[in-house]
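Chain residues, written in single-letter form:
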Amino acid sequence: MRIGIIGDVHGRPVELLNMLLRLEKHGVDRIVSLGDLVDRGPTAESSVQCVRLAQGWSFTARSGERRNLDVVVGNHEENHIYSHFQRVLPFRDFVPKSRHQDITDALTAADYAWLDSIPHWLTIDEGEHKLCFTHGGVLNNMTTPGWYGKQMGSLLCRIGYLAPDGKILSPWERSERFWADEYDGKLGHVFFGHTSFKAIRRFRHATGVDCSKYGSLAALVWSTEGENPVEMYEKHAEDRSSTSAKVERPSSSRSQRRMFDWDGESHDWRSRSYGS
């Protein structure tokens, strides 16, 4: 099987369309989007176009059959979903206020119905190959993410860097520990977005495919047939938003860090202070 895997799009419909056409031309069997279709684009309509494109796109697989995209939900989609439906965000115990209200308002009821149906986790078993797809990541003490309901699934699209004690830092925090460096591979090889790298980053049991903060839409063609992986990049047409800049770690040694607790049973979003 040959799978095309698309990283974080963030409101770039032209780049997304170009990448979809390139993957189809390359002769893939499936295409998986790792989420974060929305936000950071030039206009609200740009994000809406990405959602509509992901919903309606179909391509001709190597077998000749027409297939739709597989998509896993990103934390940016979740923020809009929870704001729109006025749901309490897991781990934080309040309804989030959209940071991109124009996009929240521009998405239709049909868009939200589709976004709300997207899974947090996708697995493809192909012979001896077990491939897993999620937006953020996994932790070694997780069993199978299939046990998640929608609420607990929110954790999967937010895992990134870890605090010294193993708790999950918020997306704008960095540390010396990253989940994919420590992941033992027991769930399969995990493809993820959420954390942005200058180029597609390969770990022992995981591959990161988000390059959006470095000015590119990234994609990877992964084969279970012994072919070498193929990396593809669509450079952003221009630096359309200041939010595309790299997020630097706060310099204060006593900065407030928001993080998830994961103990296998309870899940809390907490704020704690860490000294030098």
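Right above here is the structure, for reference.
All values derive from a computational prediction rather than experimental measurement.

(A) Structural detail: the overall build of the protein. Across its full length, the protein holds seven helices and 17 strands. For the protein, restricting intrachain contacts to residue pairs at least 6 apart in sequence, the fraction spanning at least 24 positions comes to 61%. Total accessible area computed for the protein in this model is approximately 12,100 Å², and 47% of it derives from carbon and sulfur atoms.

(B) Expanded view of helix 1 (residues 13-26). In this model, helix 1 (14 residues) spans 20 Å end to end at C-alpha, consistent with the 20 Å of a helix rising 1.5 Å per residue. Note on helix 1: the residue one or two positions beyond its end, G27, has a positive phi of about 85°.

(C) Main features of the pairing of strand 6 (residues 121-126). Here six bridges tie strand 6 to strand 7 (residues 129-134), and the two strands are oriented antiparallel to one another. What sits directly across from T123, in strand 7, is C132. The antiparallel hairpin formed by strand 6 and strand 7 contains two residues in its connecting segment, where G127 sits at a positive phi of about 65°.

(D) How the structure looks around the nonpolar core. Ranked by size, the top nonpolar core spans 33 residues in total, and within it I6, L16, L20, L23, I31, W114 and L115 carry the most contacts. Counting only elements with at least two residues in this core, the list comes to helix 1, helix 2 (44-56), helix 5 (109-115) and strand 14 (216-223). Residues W121, A180, F197 and F203 belong to the second largest nonpolar core, which totals 23 residues.

(E) Region of the structure containing the sheet that holds strand 2 (residues 30-33). A sheet is described by the order of its strands in space; here five strands give the open sequence 5-2-1-14-15, paired in mixed fashion. Taken across any chain shown, the strands that pair with only one partner, and hence form the sheet edges, are strand 5 (70-71) and strand 15 (230-235). By the bridge criterion, two bridges tie strand 2 to strand 5 in an arrangement that is parallel. Across the sheet, the residue bridging to V32 is D70, located in strand 5. The sheet contacts of helix 1 involve strand 1 (2-6), strand 2, strand 14 and strand 15, and relative to strand 15 the element is tilted by about 155°.

(F) Representation of the sheet that holds strand 7 within the structure. Judged by pairing direction, the sheet is mixed, and its five strands sit side by side in the order 6-7-11-13-12 without closing on themselves. In this open sheet, the two strands that pair with only one neighbour each are strand 6 and strand 12 (201-202). Of the pairings in the sheet, the one linking strand 7 to strand 11 (residues 189-196) comprises three bridges and is parallel in character. Residue L131 lies in a different strand from strand 11, and its bridge partner there is H189.

(G) Quick look at helix 3 (residues 75-85). Taking burial as the measure, the 11 residues of helix 3 include eight buried ones, the bulk of the element. All of the buried residues along helix 3 are N75, H76, E77, E78, H80, I81, Y82 and S83.

(H) The arrangement of the packing of aromatic side chains in detail. Enumeration according to the criterion identifies 13 aromatic pairs in this entry. Note on F178 and W179: the rings are 6.1 Å apart at their centroids and 45° apart in plane angle, and the pair reads as tilted. With relative accessibility at 2%, the residue W179 sits in the buried group. Members of the aromatic cluster, each reached through a chain of ring pairs, are Y161, F178, W179, Y183, F192, F197 and F203. The lysine or arginine in question, R87, covers the ring of Y82, its NZ or CZ lying 5.9 Å from the ring centre.

(I) Here's a closer look at the side chain of R158. Looking at where R158 falls in the secondary structure, it is placed in the loop between helix 6 (150-153) and strand 8 (161-162). Looking at R158, the relative accessible area reads 8%, which means it is buried. Of note is the side chain of R158, whose polar atom sits 3.2 Å from the backbone oxygen of S154.

(J) Just the pairing of strand 2, in detail. Burial of strand 2 is two-sided: the residues R30 and V32 facing one way and the residues I31 and S33 facing the other way are all buried. Bridging between strand 1 and strand 2 involves four bridges; their strand directions are parallel. In the strand pairing of strand 2, G4 is matched with I31. Between the parallel pair strand 1 and strand 2, the chain is carried across by helix 1, and the sense of this crossover is right-handed.

(K) Local environment of the pattern of salt bridges. This model, assessed by the stated rule, comprises 13 salt bridges. Among the ionic pairs, D70 bridges to R30, the shortest N-O distance being 3.1 Å. You can see D70 sitting in strand 5 and its partner R30 sitting in strand 2, a full 40 residues away along the chain. By relative accessible area, which is 17% here, D70 ends up buried. Assessed through its relative accessible area of 16%, R30 is described here as buried.

Definitions and limits used
Residues numbered from 1 in each chain as written. Predicted model: local features only at pLDDT ≥ 70, side-chain atom pairs only at ≥ 80, totals over all residues. Heavy atoms only, no water. Helix = DSSP H or I, 4+ residues; strand = E, 2+ residues; numbered from the N terminus. Contact = heavy atoms within 4.5 Å. Areas by Shrake-Rupley, 256 points an atom, 1.4 Å probe, with all protein chains shown as cover. Expected span 1.5 Å × (residues − 1). Pairing = 2+ DSSP bridges. Core = buried A, V, L, I, M, F, W, Y, C linked by side-chain atoms within 4.5 Å. Buried < 20%, exposed > 50% of the residue type's maximum accessible area, 1.4 Å probe, protein only. Axes fitted to C-alpha atoms, helices over the stretch in contact; angles between N-to-C directions. Phe/Tyr/Trp six-rings, centres within 6.5 Å; stacked < 30°, edge-to-face > 60°. Lys NZ or Arg CZ within 6 Å of the ring centre and 35° of its normal. Polar contact = N/O pair within 3.5 Å; in protein donor to acceptor, adjacent residues only side chain to side chain. Right-handed = clockwise from strand over helix to strand, strands pointing away. Salt bridge = Lys/Arg side-chain N within 4 Å of Asp/Glu carboxyl O.

No statement about biological role is implied by the geometric values presented.
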